[in-house]
Amino acid sequence: MTRPYNLPAFKEAEEARSLEELELVRVRALGKNGAITALVKTLGQMTPEERQSKGIFYQAMKSEFSRLVSERKAALEAADLDRRLATERLDLSLPAKDSPQGTIHPVSQVMDELAEIFADLGFAVAEGPEIEEQWYNFTALNMPENHPARAMHDTFYCEPRDGQAEPRVLRTHTSPVQIRAMQAQGAPIRIIAPGRVYRSDSDATHTPMFHQIEGLVIDRRIHLGHLKWTLETFLRAFFERDDITIRMRPSYFPFTEPSAEVDVGWSMEKGRRVVGGSEGWMEVLGSGMVHPRVIADCGLDPDEWQGFAFGTGVDRLAMLKYGMDDLRAFFDADLRWLKHYGFRALDVPTLSGGVGA
Ligand code: PHE
């Protein structure tokens, strides 16, 4: 190749075999004492005429050299990448033998199962704070101050703060999320709200913190039939049995009218009580049609909008499905228990693969 510049640096740059070698060539030409730098420096001693013609020439030489260096640099880098791609390999099929193996807690597993089941029925997941205002936890749910139902909840009250009308509480149920969701989204609405709740209670089947999941549907012409179908469908999917029977017993909650407690039938199988059939009944849910006053207080017209709501204990559902008998063990953080009852991290519940891993 013929080159307008006969400096050896051009040939050296073109033939540099590595990035390091190229860098040396570049510094030898363009560095403080470089060959091209030295030529540019001579401009200072020239006559103006000489400087004009040589100046243009040197500048052109300099930029041509720089262009050559970056071209070679790109080529060397590409070759380097090709070489690395060809030689560096990671075998992703190797078993992760010695990596730590944590498990998914049954409560998290059941929450995932519930979210999956209700997502298929068109329910979104909603959230609310665990430290809640009394207005959301009680008043807006048709439990005004001095309402006897407030006393039934064994509530934890927070220290009153200056300037606060009422001290806040640790929410005693997930029902305040009904109010927050209605206020935020209006109607129609279809949500579930899983989360922690707190009551001052402790024995084999009660812990001061436990988990509930709330369901709320608000739409036009909603009736008890929708509630019953939804609960049956959910319980069949959750327990993965078609022979689930439910029984609705009249009950009382201040925020639903009418209200019903829902029992699920059990039967004896190989000496064990299992969910399914109807030899006996156990209570699993609280539910009802959302009280018109609650709907109105959230700014919706109860003549146009009706709805149903339900609430159930997530821990209790986990105990029933996976055969655990002491609730306190859920929160002991005993690794042996977690290893035994926990779920593998990759067994994610899906409706096609089965919700219970
Ligand atoms: N919040 C009620 C409880 O904790 C359960 C419930 C929820 C009842 C929704 C009716 C409707 O006992």
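In what follows, the structure referred to is the one given above.
Here is what the cut-offs are and how they apply
Residues numbered from 1 in each chain as written. Predicted model: local features only at pLDDT ≥ 70, side-chain atom pairs only at ≥ 80, totals over all residues. Heavy atoms only, no water. Near = heavy atom within 4 Å. Polar contact = N/O pair within 3.5 Å; in protein donor to acceptor, adjacent residues only side chain to side chain. Areas by Shrake-Rupley, 256 points an atom, 1.4 Å probe, with all protein chains shown as cover. Helix = DSSP H or I, 4+ residues; strand = E, 2+ residues; numbered from the N terminus. Contact = heavy atoms within 4.5 Å. Salt bridge = Lys/Arg side-chain N within 4 Å of Asp/Glu carboxyl O. Buried < 20%, exposed > 50% of the residue type's maximum accessible area, 1.4 Å probe, protein only.

A. Local environment of the site of the ligand. Near the ligand lie 14 residues; those nearest to it are His-173, Ser-175, Arg-199, Gln-212 and Glu-214. Ser-175 is positioned such that a nitrogen or oxygen atom in its side chain is 2.9 Å from a nitrogen atom of the ligand. Gln-212 has a polar side-chain atom sitting 3.0 Å from an oxygen atom of the ligand. Isolated, the ligand exposes 330 Å² of accessible area, and the fraction of that covered by the protein chains is 91%. Among the elements of the structure, strand 6 (209-219), strand 10 (280-290) and strand 11 (306-313) are those that each provide at least two residues to the shell around the ligand.

B. Focus on the side chain of His-147. If you trace the backbone, His-147 turns up in the loop between helix 6 (134-137) and helix 7 (148-152). Excluding residues that lie within four positions of it along the chain, His-147 makes contacts with Asn-142, Tyr-252 and Pro-254.

C. Structural detail: the pattern of salt bridges. Overall, the coordinates contain 21 salt bridges when judged by the stated rule. The closest approach of N and O atoms between Glu-240 and Lys-321, which form a salt bridge, is 3.3 Å. In this pair, Glu-240 is assigned in the loop between helix 9 (224-239) and strand 7 (246-253) and Lys-321 in helix 11 (residues 314-322), connecting sequence segments 81 residues apart. Exposure remark for Glu-240: the relative accessible area of 40% places this residue in the partly exposed category. Notably, a salt bridge pairs Asp-243 with Arg-241, separated by 2.9 Å at the nearest N-O pair. Given the relative accessible area of 35%, Asp-243 is considered partly exposed. The exposure class of Arg-241 is partly exposed, given its relative accessible area of 23%.

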